[in-house]
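# Examining the three-dimensional arrangement
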Amino acid sequence: MEVGMGIRERIAKRAAKELKDGMIVNLGIGIPSLIPNFLPKGMRIMFQAENGILGMGESPDKGKEDANLCNAAGYPVTIVDGASYFDSATAFAMIRKGLIDVTVLGGLQVSEQGDLANWMVPGKRVPGVGGGMELAQKTKKVIVVMSHVSKDGEPKIVTECSLPLTARQCVHLIITDQAVIEVTKEGLLLTEVMAPYNVEDVVANTGAFLQIAPSLKRIE
Amino acid sequence: MMVAGNEYGKIVSIEYAIDKVMDGCTLMVGGFGGVGSPPTLLQEVFDKGVEQLTLICNDTAFPHIGVGPLVKEGRVKKAIVSHIGSNPIAGSLFQEGKMEVEFSPQGILIERIRAGGAGLGGILVDIGMDHEWLSKGKPIVEVDGKRFLLERPLTADVSLVYAKKADPFGNLVYGKSARNTNPLVAMAGNITIAEVEEIVPLGELNPEEIVTPGIFVHYIVKSRGVNWKWAWE
């Protein structure tokens, strides 16, 4: 199933709830980049970009873009008070030193151990690893947002990833168009189900064992 | 207003500077998704028809932006990059075996460039250790019980960078996020050519604010400005 616009926004809205005041956050491209639209006004979050910005603000109005002020995907941004510019080696120093509180990344597959594959499909698409490997391996909390199943209807949450890994045992939370799943030491824990899906749908669309949280919530 | 002199002979014509970029050379280019890549120098390298390049850059940009056109026209024999996803033509050339690509994780690529520019023999990293491609042929080094991959430094025959301001010694100040890989790329070139928006007289840049000391910069050329349409336009 393809993730349509409304669904992308629902996923982003749910992911936004994971961000707290005072955090340092790096957002991947795609769905993660929609998250700032769903944050409460006045929340102090320093958004980091691996090309060399700490303290990104909202997207500029049309016509106000600055070609020298862009995020890691090459799209124009603004900055907030207290922001800084630096070179990309410094940007990755912050990442590898473990100073980023949360990163939200896209995913192709996540395993029940929290292994993440999100950078290549051998023989098909080899975009390159970019900065995802370091973000996944070194960030305090890694949230993966993605469609629950692939375009061919195959589960993307699996016992073992079949695609080349970005990093092992790095994912803490998975947010999809059908569910919110925590990666725990005891395995995957289904904590929320998104309407119109029910628990049976989610279990059927997941390629790994799911424990159902006693406090399971339904998101309308 | 004072006019910048040329006390160090580093301010040259674009044609003179580009003469250093030869067929088959290793060319390192600053920029990240094309932002902060030197538009005028890249256009001149393209127009000169240079071929068989080994290109070292953060990424292959977009087909019409930054290093993208060089890749698109098959001028690059080998690319050492972190990402080719924004340039579908790079992906096709790679898949068809027409362009070799050596991937490094982004932060490792830039540290390899920094190591090259800083005269180091390599760096020890714990990224990509158990990845078949990324660890292939790289020695494992154990330090205090921890295992690391040895990643080799990168240098280039010629480095092309883009800055906001230069003085005649080649001291550079960058513009916002267009700084990105440029300060590291500037250090790693055997010859470094800086394309700048503005050349100011000696003494006008505040020494506290200089990001790249001029010792790393061999030639300075004045930019004609960006000649591509941005991906977001």
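None of the values given here were measured: they were computed from a predicted structure.

### Looking at the overall build of chain A
Within chain A, the secondary structure is distributed over four helices and 13 strands. Its C-alpha atoms give chain A a radius of gyration of 17 Å, within 12% of the compact-globule value 17 Å for 220 residues. Its C-alpha atoms give chain A principal-axis dimensions of roughly 50 × 35 × 30 Å. Burial analysis of chain A (220 residues in total) assigns 46% to the buried set. Long-range pairs, those at least 24 residues apart, make up 64% of the contacts in chain A with a sequence separation of at least 6.

### Some thoughts on the overall build of chain B
Each helix and strand in chain B was counted, giving seven helices and 11 strands. Relative to the compact-globule value of 17 Å for 233 residues, chain B shows a C-alpha radius of gyration of 18 Å, a close match. In chain B, buried positions account for 53% of the 233 residues. Sequence-distant contacts, at least 24 apart, represent 74% of the contacts inside chain B between residues at least 6 apart.

### Considering the pairing of strand β3 (residues 53-56) of chain A
All names here are of chain A. One ladder, built from two bridges, connects strand β2 (residues 46-49) with β3; its direction is antiparallel. Paired with Ala49 across the two strands is Ile53, which belongs to β3. Connecting β2 to the next strand, β3, in antiparallel fashion are three residues, including Gly52 with a positive phi near 130 degrees. Relative to strand β4 (residues 79-85), β3 runs antiparallel, the two being bridged by three bridges. For Ile53, the partnering residue across the bridge sits in β4 and is Tyr85.

### Remarks on the nonpolar core
Ranked by size, the top nonpolar core spans 126 residues in total, and within it Val144 of chain A together with Leu55 and Ala194 of chain B carry the most contacts. With seven residues, the top contributor of residues to this core is strand β8 (residues 156-166) of chain B. Discounting residues that sit within four places of it in the chain, Val144 of chain A has contacts with Leu105, Gly107, Val110, Leu116, Val171 and Ile174 of chain A.

### Concerning the sheet that holds strand β7 (residues 116-117) of chain A
Residues and elements named next belong to chain A. Overall, mixed pairing links the three strands, which are arranged β7-β6-β9 in an open sheet. Strands with a single pairing partner mark the edges of an open sheet, and in this sheet they are β7 and β9 (157-158). As paired strands, strand β6 (residues 109-111) and β7 are joined by two bridges and run antiparallel to one another. Bridge pairing in β7 places Gln109 opposite Ala117.

### Side note on helix α4 (residues 88-95) of chain B
Residue and element names in this part refer to chain B. For α4, the set of buried residues is Ala90, Gly91, Leu93 and Phe94. For α4, the angular spread of the buried residues around the axis is 165 degrees, confining them to a single face. Residues of α4 that are buried make contact with α3 (68-72) and β4 (100-103). A positive phi of about 75 degrees marks Gly97, the residue just after α4.

### Structural notes on unusual backbone geometry
Residue and element names in this part refer to chain A. The peptide bond linking Ala195 to Pro196 adopts the cis configuration, its omega dihedral lying at 10 degrees. As for its placement among the helices and strands, Pro196 is situated in the loop between β12 (187-194) and α4 (199-204). We note that Gln169 has phi near 40 degrees; this positive angle belongs to a residue other than glycine. Mapped onto the elements of the fold, Gln169 is located in the loop between β9 and β10 (173-175). When the 15 C-beta atoms within 10 Å are taken as the criterion, Gln169 is described as partly exposed.

### So, the environment of Thr139 of chain A
Residues and elements named next belong to chain A. Position of Thr139 among the secondary structure elements: in the loop between α3 (132-138) and β8 (141-145). Once the C-alpha coordinates of Thr139 and Ile45 are considered, the two residues, 94 residues apart in sequence, prove to be 16 Å apart. With residues up to four places along the chain from it excluded, the contact list for Thr139 reads Asn26, Ile100, Val102 and Thr103.

### Quick look at the sheet that holds β10 of chain A
Residues and elements named next belong to chain A. The 10 strands are arranged β4-β3-β2-β1-β5-β8-β10-β11-β12-β13 in an open sheet whose pairing can be described as mixed. Looking at which strands have only one partner, the edges of the open sheet turn out to be β4 and β13 (210-219). When strand polarity is set aside, the average angle formed by the axes of neighbouring strands in this sheet is 25 degrees. Pairing geometry for strand β1 (residues 24-27) and β2, over three bridges, is parallel. Looking across to β2, one finds that Val25 is bridged to Phe47.

### Considerations on the interface of chain B and chain A
Between chain B and chain A, the residue contacts involve 35 residues of the former and 34 residues of the latter. Elements supplying a minimum of two residues to the side of chain B that touches chain A: α4, α5 (106-117) and α7 (182-188) of chain B. Per-element tally for the side of chain B that touches chain A: the top contributor is α5 of chain B, with five residues. When its residues are assigned to classes, the side of chain B that touches chain A shows 16 nonpolar, 14 polar and five charged.

### A word on the packing of helix α2 (residues 88-96) of chain A against α5 of chain B
A pair of packed helices is characterised by two quantities: the angle between their axes and the separation of those axes. Contact geometry of α2 of chain A with α5 of chain B gives a least axis separation of 9 Å together with a crossing angle of 125 degrees. One element, α2 of chain A, and the other, α5 of chain B, form an angle in the oblique class. As α2 of chain A packs across α5 of chain B, the resulting crossing turns out to be left-handed. Every residue of α5 of chain B that contacts α2 of chain A at Ser88, Ala89, Phe92, Ile95 and Arg96 of chain A is listed here: Gln106, Gly107, Ile110, Glu111 and Arg114 of chain B. Looking at the contact of α2 of chain A with α5 of chain B residue by residue, the class counts come to four nonpolar, three polar and three charged.

### A short note on the confidence of the model for chain B
For chain B, mean pLDDT is 96; residues scoring 70 or higher make up 100% of the total. The complex model carries a pTM of 0.95, and its ipTM stands at 0.96.

About the cut-offs
- Residues numbered from 1 in each chain as written.
- Chains lettered and ligands numbered in written order.
- Predicted model: local features only at pLDDT ≥ 70, side-chain atom pairs only at ≥ 80, totals over all residues.
- Helix = DSSP H or I, 4+ residues; strand = E, 2+ residues; numbered from the N terminus.
- Rg over C-alpha atoms; globule rule 2.2 N^0.38 Å.
- Buried ≥ 20, exposed ≤ 12 C-beta atoms within 10 Å, placed from the backbone.
- Contact = placed C-beta atoms within 7 Å.
- Pairing = 2+ DSSP bridges.
- Core = buried A, V, L, I, M, F, W, Y, C linked by C-beta atoms within 7 Å.
- Arc of directions from axis to C-beta.
- Axes fitted to C-alpha atoms, helices over the stretch in contact; angles between N-to-C directions.
- Nonpolar A, V, L, I, M, F, W, Y, C, P; charged D, E, K, R; others polar.
- Parallel < 35°, antiparallel > 145°, perpendicular 65-115°, else oblique.
- Left-handed = near helix turned anticlockwise from the far one by under 90°.
- pLDDT = per-residue confidence, 0-100.

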